[in-house]
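What the coordinates show
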Number of protein chains: 2
Amino acid sequence: MIPTQQQLENYAELIVRVGVNVQEGQKVVVMAPIAAAPLARQIVSRAYSAGASDVFVEYNDEQLTRIRFRQAPEESFSKYPMWRAEAFQGFVAEGAAFIQIYSPDPDLLNGVDPERVAASSKAASTALAPYRNALMNHENAWTLVSWATAEWAAKVFPDEPSEAAVEKLWERIIDATRIGLEDPVEAWRGHNATLLNMVERLNAKRYAELRFTAPGTELSIGLPEGHLWLGGGKKNGRGVLFNPNMPTEEVFTMPHKDRVNGTVRSTKPLNYSGQLIQNFSLTFKDGKVTEFSAEQGYEALSKLLAMDENAVRLGEVALVPDDSPISNSGVTFYNTLFDENASCHLALGQAYPVNLEGGTELSPEELSSRGANRSLVHEDFMIGSAEMDIDGVTQDGSVEPIFRGGNWAF
Amino acid sequence: MIPTQQQLENYAELIVRVGVNVQEGQKVVVMAPIAAAPLARQIVSRAYSAGASDVFVEYNDEQLTRIRFRQAPEESFSKYPMWRAEAFQGFVAEGAAFIQIYSPDPDLLNGVDPERVAASSKAASTALAPYRNALMNHENAWTLVSWATAEWAAKVFPDEPSEAAVEKLWERIIDATRIGLEDPVEAWRGHNATLLNMVERLNAKRYAELRFTAPGTELSIGLPEGHLWLGGGKKNGRGVLFNPNMPTEEVFTMPHKDRVNGTVRSTKPLNYSGQLIQNFSLTFKDGKVTEFSAEQGYEALSKLLAMDENAVRLGEVALVPDDSPISNSGVTFYNTLFDENASCHLALGQAYPVNLEGGTELSPEELSSRGANRSLVHEDFMIGSAEMDIDGVTQDGSVEPIFRGGNWAF
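Residues numbered from 1 in each chain as written. Chains lettered and ligands numbered in written order. Predicted model: local features only at pLDDT ≥ 70, side-chain atom pairs only at ≥ 80, totals over all residues. Heavy atoms only, no water.

1. Remarks on the overall build of chain A
Counting its secondary structure elements, chain A contains 13 helices and 20 strands. Rg of the C-alpha trace for chain A: 20 Å, near the compact-globule value of 22 Å for 410 residues, within the 12% margin. Taking the principal axes of the C-alpha coordinates as reference, chain A spans close to 55 × 50 × 45 Å. The buried share among the 410 residues of chain A stands at 59%. Sequence-distant contacts in chain A: of pairs separated by 6 or more residues, those separated by 24 or more amount to 75%. Surface accessibility of chain A: about 15,600 Å² in total, with carbon and sulfur atoms responsible for 46%. Distance between charge centroids for chain A: 3 Å, based on 35 positive and 55 negative side chains. (Helix = DSSP H or I, 4+ residues; strand = E, 2+ residues; numbered from the N terminus. Rg over C-alpha atoms; globule rule 2.2 N^0.38 Å. Buried < 20%, exposed > 50% of the residue type's maximum accessible area, 1.4 Å probe, protein only. Contact = heavy atoms within 4.5 Å. Areas by Shrake-Rupley, 256 points an atom, 1.4 Å probe, with all protein chains shown as cover. Lys, Arg positive; Asp, Glu negative; His and termini not counted. Charge placed at Lys NZ, Arg CZ, Asp CG, Glu CD.)

Below is the structure:
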């Protein structure tokens, strides 16, 4: 069996200790696909061992999502169960830790009316905004991890029989999360230190602008004054170190919402709410997307960009070298958690206030005036490749290389 | 595979059309163990086809329940997530239909401290009282059905290998629910008519008292004035016919809470919140249990009886002939939904106001003064056998046979 019992236990231990770093007396919320029940159970057991006061598990089932999108009446998609939104706000207020096992089927909503998906995404984003904002502000500890489902594996390794595909996908997950190592918790300490070192070097530079060059890409991204690079472990509102993504290979900061210009071409498919968007291009002027094209998923992309006024602006810019473990596997995962950690990427929509000095103390208006984008959306898309060069423009206007041929130049 | 795809679809159709009888524009709540996902998905699809406005599925996982009872801190068991209780009250108020797939592992909580189970049951009963009362009053349509899990099947057929045990259990479920027939919905119409015929005969009798005689049993149960027998389909607060249990073979009414005297011996094991109680006896005086014994589960039984002041009084008396389909299978199911429909049974705790003329319009005090018991508990236990005789005492004091040798005498 893949993963082995030992790897499964390592994974749960890593999620509990390094992912959300459960504290004595803390509540823990676990969101898991039903296929991931073996991991959910291990997590619950280890969370109690770590001192959790209560663990609440919410199982989900993508097949029910598909049935709903196909059969539910039109008017239901603009509604959201407010009791769930309020329950999550309650968990936030109590300082709960949130663990999400995220393994979407990339072809889940093939043939479903994108209007329905857009209405449903908007209703969820609106109802869950306080919860999502709390997580983006790192008020609470949270972590996103994956589980190899048959549907996901079939998309990643379409030529393999189902069981072999799942095994191959597990090999990649085990590798990327380090749960095959003897002491994954210690391995993550080392990994976090490496990312932190890069973060400190970038923060010392205080770049005014980043310039991206690659086939189909010629993009300038202005960085706000006081922007902060982050990577690896973060501290939450209570000063507890946590890792929001496992795996993670990125360092990232905040673009200035009004100072993005030029064109960028995607290099990996984007799985947006169960709809695949592939080979797309976005052209920006003064921060806003003014033109776009897509070989696949054009309508889903246009719905994403129309979600609200600022879904057409950027909220994140992240650097990942082409020579990194997930990227070196050569696999396209059709899962943002993996693909974004194999590639430089940008996000449309909401910016992280934590990417600004003192950002979590600012009002929405103050954040906006300092260049932070505000939107119901936060959707990563991949732009990195071995052909990407990135330059940094310093405060005094000099230009220096950050990436050459897809990798760190310093 | 057992069930076949056709049987699975029949089951879902039966649950949606006959179980809760989903109405146009109605919300539907489905509670399902994760193993029953194939049935949950069919139910959701058919509920939308029947006009449901929205279907909410809550998956549960008994292994998490066991982990919680073993590892969670002591003080957590007296708490209940109020957001869930309020969500269910909201569903009640909106007129939702409730479908529960109920397949408990009879050995789930072996070795768990009964104090924890009792505290948790009490917290849940208290928090969910408005929801449970609404269901007991038949305000909303609800139905309880089963799914053959490996853990349950292993208890019922301990000598069979796992797969064979599950298949054998499915055979019994398919038989008892009639989903193997060509038109199960029509078969249930006929079955409901048969039960209704018996209900009408018993209601015409207006018995003052029932007397039960069997090995270890010598019990008199007074019936309140205006008691109503019910069986098979019921009408909910909106006049919609539904079937609360599938299978169902019982006709039942309300005992007078103060007029139960004598001793009764259980004839089948009771699975109470994951704890087995077997071969137990209860002695009543003026409605209250004054003595009890149990060969297995004595402590769980004592916790049940101590749940609140009136857990020691009866809330239901139900008649099921020994010559009935589930009983004839000769199988002990360790699952009340099946075992209660193979045997005459009583319930400790809360009475159904629907078992009194005009009962749903009465205040708690009026109900009580008319003989209805009120408790957080409603727990069925089985007392029927081929050796049971039952007599009815009419208003003028004459005694006539109702059951002889476990079967209807009229």
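So much for the structure itself; the text now carries on.
2. Digging into the pattern of salt bridges
For the structure shown, the criterion picks out 40 salt bridges over all chains. Between B:Arg211 and B:Glu209 there is a salt bridge, with the nearest N and O atoms lying 2.9 Å from each other. Looking at B:Glu209, the relative accessible area reads 17%, which means it is buried. One salt-bridge network, in which partners are shared between bridges, spans A:Glu9, A:Glu13, A:Arg17 and A:Arg46. (Salt bridge = Lys/Arg side-chain N within 4 Å of Asp/Glu carboxyl O.)

3. Structural notes on the interface of chain A and chain B
Residue-level contacts link 26 residues of chain A with 26 residues of chain B. For the pair chain A and chain B, the summed buried area comes to about 2,300 Å², and 67% of that belongs to carbon and sulfur atoms. At the junction of chain A with chain B, the criterion picks out 2 salt bridges. The residue A:Asp61 makes a salt bridge to B:Arg41 at a minimum N-O spacing of 2.9 Å. For the interface between chain A and chain B, the tally reads 8 residue pairs in polar contact (both at pLDDT 80 or more). When contributions to the side of chain A that touches chain B are tallied by element, the ones reaching two or more residues are helix H2 (37–49), strand S2 (54–60), helix H3 (62–71) and helix H4 (82–93) of chain A. Of the residues forming the side of chain A that touches chain B, the biggest block, 7 residues, is contributed by H2(A). Residues of the side of chain A that touches chain B, tallied by class, amount to 16 nonpolar, 6 polar and 4 charged. (Buried area = accessible area lost by both parts, 1.4 Å probe. Polar contact = N/O pair within 3.5 Å; in protein donor to acceptor, adjacent residues only side chain to side chain. Nonpolar A, V, L, I, M, F, W, Y, C, P; charged D, E, K, R; others polar.)

4. Examining helix H5 (residues 114–127) of chain B
Residue and element names in this part refer to chain B. Under the 1.5 Å per step criterion, the end-to-end length of H5 is 20 Å for 14 residues, consistent within 8% with the ideal 20 Å. Taken together, the buried positions of H5 are Pro-114, Arg-116, Val-117, Ala-118, Ser-120, Ser-121, Ala-123, Ala-124, Ser-125 and Ala-127. Buried residues belonging to H5 abut helix H3 (62–71), helix H4 (82–93), helix H6 (129–136), strand S12 (270–272), strand S13 (275–285) and helix H10 (298–305). The residue sitting at the N-terminus of H5 and contributing the capping side-chain oxygen is Asp-113; that oxygen lies 2.9 Å from the backbone nitrogen of Glu-115. (Expected span 1.5 Å × (residues − 1).)

Read these as layout, nothing more, since geometry by itself doesn't imply function.
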